[in-house]
Amino acid sequence: MSKPEAGQVPAKPQPADQQSATQTSAAPSLQPPPAPPEDIFVKGDSIVALLQEKLGYQLSLSGVPVGSAQLEASNNNGELRIQSTIRSNSVMSAIYSVNDSTDTRLIKGRYLLTRIKQNEGLFKSDTGFTIMYPDRKIFWVDRLKKRYSNEPLESLDTLDFVSGFYFLRQKSLKIGDRFSLKLYDGDTTTTVPVIVLRREKLPLPGMRSADTLVIQPAFAESGFFRNNRDLLVWFTNDENRVPVRFEATTPIGRVVAELVSSERIIQPVSHSEK
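Scoring rules and cut-offs
- Residues numbered from 1 in each chain as written.
- Predicted model: local features only at pLDDT ≥ 70, side-chain atom pairs only at ≥ 80, totals over all residues.
- Heavy atoms only, no water.
- Helix = DSSP H or I, 4+ residues; strand = E, 2+ residues; numbered from the N terminus.
- Buried < 20%, exposed > 50% of the residue type's maximum accessible area, 1.4 Å probe, protein only.
- Core = buried A, V, L, I, M, F, W, Y, C linked by side-chain atoms within 4.5 Å.
- Contact = heavy atoms within 4.5 Å.
- Pairing = 2+ DSSP bridges.
- Right-handed = clockwise from strand over helix to strand, strands pointing away.
- Polar contact = N/O pair within 3.5 Å; in protein donor to acceptor, adjacent residues only side chain to side chain.

Engineer: Give me the lowdown on unusual backbone geometry, citing residues and values where you can.
Structural biologist: If a residue is not glycine, its phi is most likely negative; likewise, a peptide bond is most likely trans. Non-glycine residue Lys108 carries a positive phi angle of around 55°. Among the structural elements, Lys108 can be located in the loop between β4 (99–107) and β5 (111–120). With a phi angle near 55°, Arg136 is a residue other than glycine that sits in the positive phi range. Looking at where Arg136 falls in the secondary structure, it is placed in the loop between β6 (123–132) and β7 (137–142). The exposure class assigned to Arg136 is partly exposed, which follows from its relative accessible area of 47%.

What follows is the structure in structure tokens.
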């Protein structure tokens, strides 16, 4: 051991427990690095750009009320849920009963889950599917026939027909536009052509009217649309694109759905958007 130089005070040796504490505090952190963010394949705001919306419709056949329909959509921080119901009234049910519903959810922008229940006349169906974007596949199940299948996801821009309809509302539309959507309808993935036909002043209940764009999506006659043809949709010609009228040919004739009630809650503006 070397001797201390003149005027130098020798350092006191540290106790073993203090040496250990000093070494421990100087040791590098053993915390794992944060996990990388998960990829988002479908942005919720590109489909439903408001917090909540409820739309109610009256269904009529040759001017006679035959039922009701409802569309309800919500966006909770990118987690979507879209539900629809179509029901015949008591008079119509005695001739041709209809009780259809759909329930679609978007989970973390990575999984699209849809359940479709149809009761139309003698036809009954209860199917569902999950579009798994990270795995590029679709899981389909028929709950009544107890069948299921795994299918490849052909394209990452594929939606189901319900979310595809709401996605269409977010597009900038003008007369003469032609484009297509890739949609899975429960049977197969199809490319659906969409045409903006014309602009039309549409009378509404309560002595009101709306400036609208008439849209024609050419859905294949399969899956949910097996019993519906020649669909036309009237969107308000503004940024909301509210569907105020539908027309479709069904097994009982040309059915019209007219908007009779509307509730909308707009998404709050975040600080980053101000």
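Engineer: Residue-level account of helix α3 (residues 161–169), with values.
Structural biologist: Judged by how many residues are buried, α3 sits mostly within the fold: 8 of 9 residues are covered. Within the span of α3, buried status applies to Phe161, Val162, Ser163, Gly164, Phe165, Tyr166, Leu168 and Arg169.

Engineer: Now, about the nonpolar core: what can you tell me, with residues and values included?
Structural biologist: Grouped together as the largest cluster of nonpolar side chains are 58 residues, with contacts concentrated most on Ile47, Val48, Tyr57, Ile131, Tyr166, Ile215 and Phe246. In this structure, Phe246 is in contact with Tyr57, Leu71, Phe165, Leu231, Leu232, Val233, Trp234, Val255, Val256 and Ala257, ignoring residues within four places of it in sequence.

Engineer: I'd like a rundown of the pairing of strand β10 (residues 178–184), residues and numbers included.
Structural biologist: When strand β9 (residues 159–160) meets β10, the two strands line up parallel, connected through 2 bridges. Paired with Leu159 across the strands is Leu183, a residue of β10. Handedness of the β-α-β unit built from β9, α3 and β10 comes out right-handed. Two strands pair when backbone bridges link them, and β10 and strand β11 (residues 189–204) are joined in this way by 7 bridges, in the antiparallel orientation. When the bridges of β11 are listed, Arg178 appears paired with Ile195. Between the end of β10 and the start of β11, which pair antiparallel, lie 4 residues, with Gly186 showing a positive phi angle near 100°.

Engineer: Run through the side chain of Asn75, naming residues and quoting values.
Structural biologist: The residue Asn75 is located in strand β2 (residues 64–76) in this model. A relative accessible area of 1% places Asn75 in the buried class. A distance of 2.8 Å separates the side chain of Asn75 from the side chain of Asp45, its partner in a polar contact.

Engineer: Run through the environment of Ser84, naming residues and quoting values.
Structural biologist: Mapping Ser84 onto the fold places it in strand β3 (residues 79–88). In sequence terms Ser84 and Gln70 are 14 residues apart; their C-alpha atoms lie 5.5 Å from each other. Residues within four places of Ser84 in sequence aside, it is in contact with Gln70, Leu71, Asp100, Ser101 and Thr102.

Engineer: Residue-level account of the side chain of Thr250, with values.
Structural biologist: Tracing the sequence through the fold places Thr250 in strand β14 (residues 243–250). Residue Thr250 is classed as buried on the basis of its relative accessible area of 14%. Here the side chain of Thr250 touches Gly253 through a polar contact of 2.9 Å, landing on its backbone oxygen.

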